[in-house]
Number of protein chains: 2
Amino acid sequence: MSVRLSTPQDYSRLVDKYDTWMFDCDGVLWHGDRIIDGVVEVLDLLRSKKKKVLFVTNNATKSRKNYKGKFDKLGVQAHVDEIYGSAYATAVYLSSVIKLPKTNKVYVIGMAGLEEELQGEGITVLGGSDPADCTLEPFTLANFTLDPAVAAVVCGLDTQMNYTKISKAFQYLTRNSDCHFIATNEDSTYPSAEGLLPGAGSISAPLRYALGRDPICTGKPSSTMLDCINAKVHYNPERTIMVGDRLNTDILFGQNGGLATLLVLTGIAVESDITGPNASPIVPNFITSSIADFRAAIDPQQ
Amino acid sequence: MSVRLSTPQDYSRLVDKYDTWMFDCDGVLWHGDRIIDGVVEVLDLLRSKKKKVLFVTNNATKSRKNYKGKFDKLGVQAHVDEIYGSAYATAVYLSSVIKLPKTNKVYVIGMAGLEEELQGEGITVLGGSDPADCTLEPFTLANFTLDPAVAAVVCGLDTQMNYTKISKAFQYLTRNSDCHFIATNEDSTYPSAEGLLPGAGSISAPLRYALGRDPICTGKPSSTMLDCINAKVHYNPERTIMVGDRLNTDILFGQNGGLATLLVLTGIAVESDITGPNASPIVPNFITSSIADFRAAIDPQQ
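Residues numbered from 1 in each chain as written. Chains lettered and ligands numbered in written order. Predicted model: local features only at pLDDT ≥ 70, side-chain atom pairs only at ≥ 80, totals over all residues. Heavy atoms only, no water.

As recorded in an unreviewed UniProt entry, chain A goes by 4-nitrophenylphosphatase and comes from Hypsizygus marmoreus. For chain A, the Catalytic activity (unreviewed entry) comment in UniProt is given as "4-nitrophenyl phosphate + H2O = 4-nitrophenol + phosphate + H(+)". (UniProt positions renumbered as here; feature names shortened; annotations may be inferred.)

Below, the structure written as structure tokens:
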């Protein structure tokens, strides 16, 4: 059973109760390039009360450094080391969990931010933003040389996805033995400023279908993302809350980590996902319509 | 229990037993642009014995007319009215089963052959080979105008698939009420001359994933394909055999139509699909390694 926040006291009590606030970004802080009204004041409120603020995003199109630029552009205060992205989680998974030898390579269906995080962990990447693979020219195996050093295929959101990349990734996954199949995240859609668009899960879907198997996912709700945070940040799970707009990623991620969870309705989840006959089995601790509602906790005397 | 053909008598008896021979093409007659040795002689044998020969293909990249060109190029005798493709089956499904009003339009993720067959049934198409949609430029909904006349999205194999086409199709399927979601076929892979590549089912996979629902499929093993043949060709199902390389499309298609079925091992299906612990539940009546084996039925005296 979720608690619906409504009175100024509800919001103040929640601010007092939790020391670490983890936020999803798209659909929570902004829609595409449009910030949600009130977000800056609420984040300022938390910082003024010495709360630890972290940004935990499945957006794998940007590196943490790139993502910091987005915060700057939208006028939201953030430090690079407060930002945890699924591109970074994927890089850490490959370097620290799988412990991919440095002589191996990774074939990427994804964008520059993903490549940057992988390279930051010392990983050699193929595909991705390489102009040779960003093409709609016909693909033929006659012109393709399998690189035996490719030991993993990583898929993130890629607005330059195409048949050449999918075909090359398919070759590596079927012909290089034990080649890892990894997706930054499974989000089926993502909320752009003007509406929903297919998400990163849709980019790995052709390979899932052609191979008949699912990738390992490193973003929320996977514990890999939490492992990355745990390695860098000290926090008390009992005094930490995860805020998100998506039940099967954000809220489940918080629950998997033993955190409190707050669902906002500015993104993917809608009323019928949390009440009525088709409600999700994933139940957040708290619900409010928007992060902006926390403005009610700002003391006008201060 | 399947019968393995091996002796010259086995092949001669089968030729005598069936009057109508339906052939899958890729993986049965050829691999990509390379004909399988012996195919021409075997088809000549069947024609010399006054057998009816039909070509039933899930390849939706070509119209029947285009496909005739492929037969010509490879030196295989065929008439356009002997060729049944999933692009044609899709067009007939839209015009005759759904009875799409002529004022409606169809958004296509697919190639020129699919557009040609749809247009041949009087359907107005968007997307497909339109250069405006064959792009890797970023897609944004800000520059997109939803056409309310689009009443169906059709996906076939499209080597120019991209994020713009998938995003536009996603808009039509989520925002135009009752928009039909149709795939020419569900083949996960297809056998090119140099090896397997992702098939048409992989092209519709991003939309399946983003929408959380499956398309209607019109190619083999769907009965839509058989309805198209039934509307044009008279044959006795008891004296008809379907020859294919894929259990879950070709052989199932034959079984659904009450035809005898012959599996060849020159394409997708391999020995472990038909024997042993992981054998498919779809069991063909007959098995032979290649169509070329039927050369054993050619009487050297003739």
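## Let's talk about the UniProt feature "active site" (unreviewed entry) in chain A
Residue and element names in this part refer to chain A. Residues annotated in UniProt with the feature "active site" (unreviewed entry) correspond here to Asp 24 and Asp 26. Among the secondary structure elements, Asp 24 is positioned in the loop between β2 (20-23) and β3 (30-31). Exposure remark for Asp 24: the relative accessible area of 7% places this residue in the buried category. Reaching out from Asp 24, the side chain makes a polar contact with the side chain of Lys 220 at a distance of 2.8 Å. By secondary structure assignment, the location of Asp 26 is in the loop between β2 and β3. (Helix = DSSP H or I, 4+ residues; strand = E, 2+ residues; numbered from the N terminus. Buried < 20%, exposed > 50% of the residue type's maximum accessible area, 1.4 Å probe, protein only. Polar contact = N/O pair within 3.5 Å; in protein donor to acceptor, adjacent residues only side chain to side chain.)

## Digging into helix α7 (residues 200-211) of chain A
A turn of α-helix holds 3.6 residues, and therefore any two residues three or four places apart point the same way. Residues and elements named next belong to chain A. With 12 residues, α7 extends 17 Å between its outermost C-alpha atoms, agreeing within 8% with the 16 Å of an ideal straight helix rising 1.5 Å per residue. Within α7, 11 of the 12 residues are buried, which leaves it mostly tucked inside the rest of the structure. Along α7, the residues that are buried comprise Ala 200, Gly 201, Ser 202, Ile 203, Ser 204, Ala 205, Pro 206, Leu 207, Arg 208, Ala 210 and Leu 211. (Expected span 1.5 Å × (residues − 1).)

## What to know about the interface of chain B and chain A
By a widespread convention, an interface's size corresponds to the accessible area lost as its parts come together. With 37 residues of chain B at the contact, the number on the chain A side is 37 residues. Both sides of the chain B and chain A interface together cover about 3,000 Å² of buried area, and 70% of this is carbon and sulfur. Looking only at chain B, the three residues that lose the most surface to chain A are Leu 136, Tyr 163 and Tyr 209 of chain B, adding up to 29% of its buried area. Inspection of the region where chain B meets chain A yields zero salt bridges. Our enumeration of links across chain B and chain A arrives at eight residue pairs in polar contact (both at pLDDT 80 or more). Of all the elements in the fold, those that place two or more residues in the side of chain B that touches chain A are α6 (163-175), β11 (189-192), β12 (195-198) and α7 (200-211) of chain B. Top contributing element to the side of chain B that touches chain A by residue count: α7 of chain B, with eight residues. Here the side of chain B that touches chain A is built from residues that sort into 19 nonpolar, 13 polar and five charged. (Contact = heavy atoms within 4.5 Å. Buried area = accessible area lost by both parts, 1.4 Å probe. Salt bridge = Lys/Arg side-chain N within 4 Å of Asp/Glu carboxyl O. Nonpolar A, V, L, I, M, F, W, Y, C, P; charged D, E, K, R; others polar.)

## Observations concerning the pattern of salt bridges
This structure, assessed with the given rule, holds 33 salt bridges over all chains. A salt bridge links Lys 165 of chain A to Asp 158 of chain A, with the nearest nitrogen and oxygen atoms 2.7 Å apart. Taken as a pair, Lys 165 of chain A and Asp 158 of chain A share a single burial class, namely buried. Residues Arg 208 of chain B and Glu 186 of chain B are paired through a salt bridge, measuring 3.4 Å at the closest nitrogen-oxygen approach. Note that Arg 208 of chain B is positioned in helix α7 and Glu 186 of chain B in the loop between β10 (180-183) and β11, a separation of 22 residues in sequence. Given a relative accessible area of 36%, Glu 186 of chain B falls into the partly exposed group. Connected via shared salt-bridge partners are Asp 19, Lys 51 and Arg 239 of chain A.

## Things to note about the pairing of β12 of chain B
Residue and element names in this part refer to chain B. Summarising the sheet, β11 and β12 pair through four bridges and their orientation is antiparallel. If you follow Ser 192 over to β12, its bridge partner there is Gly 195. The antiparallel hairpin formed by β11 and β12 contains two residues in its connecting segment. (Pairing = 2+ DSSP bridges.)

## As for the packing of aromatic side chains
Residue and element names in this part refer to chain A. One pass over the structure, following the stated rule, counts 28 aromatic pairs over all chains. Ring plane angle 35 degrees and centroid distance 5.7 Å describe the contact between Tyr 107 and Tyr 172, whose orientation is recorded as tilted. Of this pair, Tyr 107 sits in strand β7 (residues 105-109) while Tyr 172 sits in helix α6 (residues 163-175), and the two are 65 residues apart along the sequence. Each member of the pair, Tyr 107 as well as Tyr 172, carries the same accessibility label: buried. When the ring centre of Tyr 88 is taken as origin, the NZ or CZ atom of Arg 64, which lies over that ring, is 3.5 Å away. (Phe/Tyr/Trp six-rings, centres within 6.5 Å; stacked < 30°, edge-to-face > 60°. Lys NZ or Arg CZ within 6 Å of the ring centre and 35° of its normal.)

## Brief notes about the UniProt feature "binding site: Mg(2+)" (unreviewed entry) in chain A
All names here are of chain A. UniProt's feature table lists "binding site: Mg(2+)" (unreviewed entry) at Asp 24, Asp 26 and Asp 245, given in the numbering used throughout. Their sequence span is 222 residues, while the largest C-alpha to C-alpha distance among them is just 8.3 Å; these annotated residues converge on one region. For Asp 26, a relative accessible area of 12% translates into the label buried. Filtering out sequence-adjacent residues up to four positions away, Asp 26 remains in contact with Gly 32, Asn 59, Tyr 67, Pro 191 and Asp 245.

## Points about the domain arrangement of chain A
Residue and element names in this part refer to chain A. Under the domain assignment used here, chain A contains domain 1 (3-58 + 236-297) and domain 2 (87-217). Using C-alpha coordinates to define each centre, domain 1 is positioned 31 Å away from domain 2. Of the residues lining the interface, 11 residues belong to domain 1; the matching set on domain 2 comes to nine residues. In this assembly, domain 1 packs against domain 2 so that about 750 Å² is buried in total across both faces, 48% of it on carbon and sulfur atoms. By the criterion of area lost to domain 2, the three top residues of domain 1 are Asn 58, Arg 246 and Ile 268, representing 52% of everything that side buries. Across the domain 1-domain 2 interface, the total number found is one salt bridge. The salt bridge partner of Asp 187 is Arg 246, with a shortest N-O separation of 3.3 Å. Our count for the contact surface shared by domain 1 and domain 2 stands at three residue pairs in polar contact (both at pLDDT 80 or more). Each residue belonging to the side of domain 1 that touches domain 2 can be placed in one class, and the counts come to one nonpolar, five polar and five charged. (Domains from an automatic or database assignment.)

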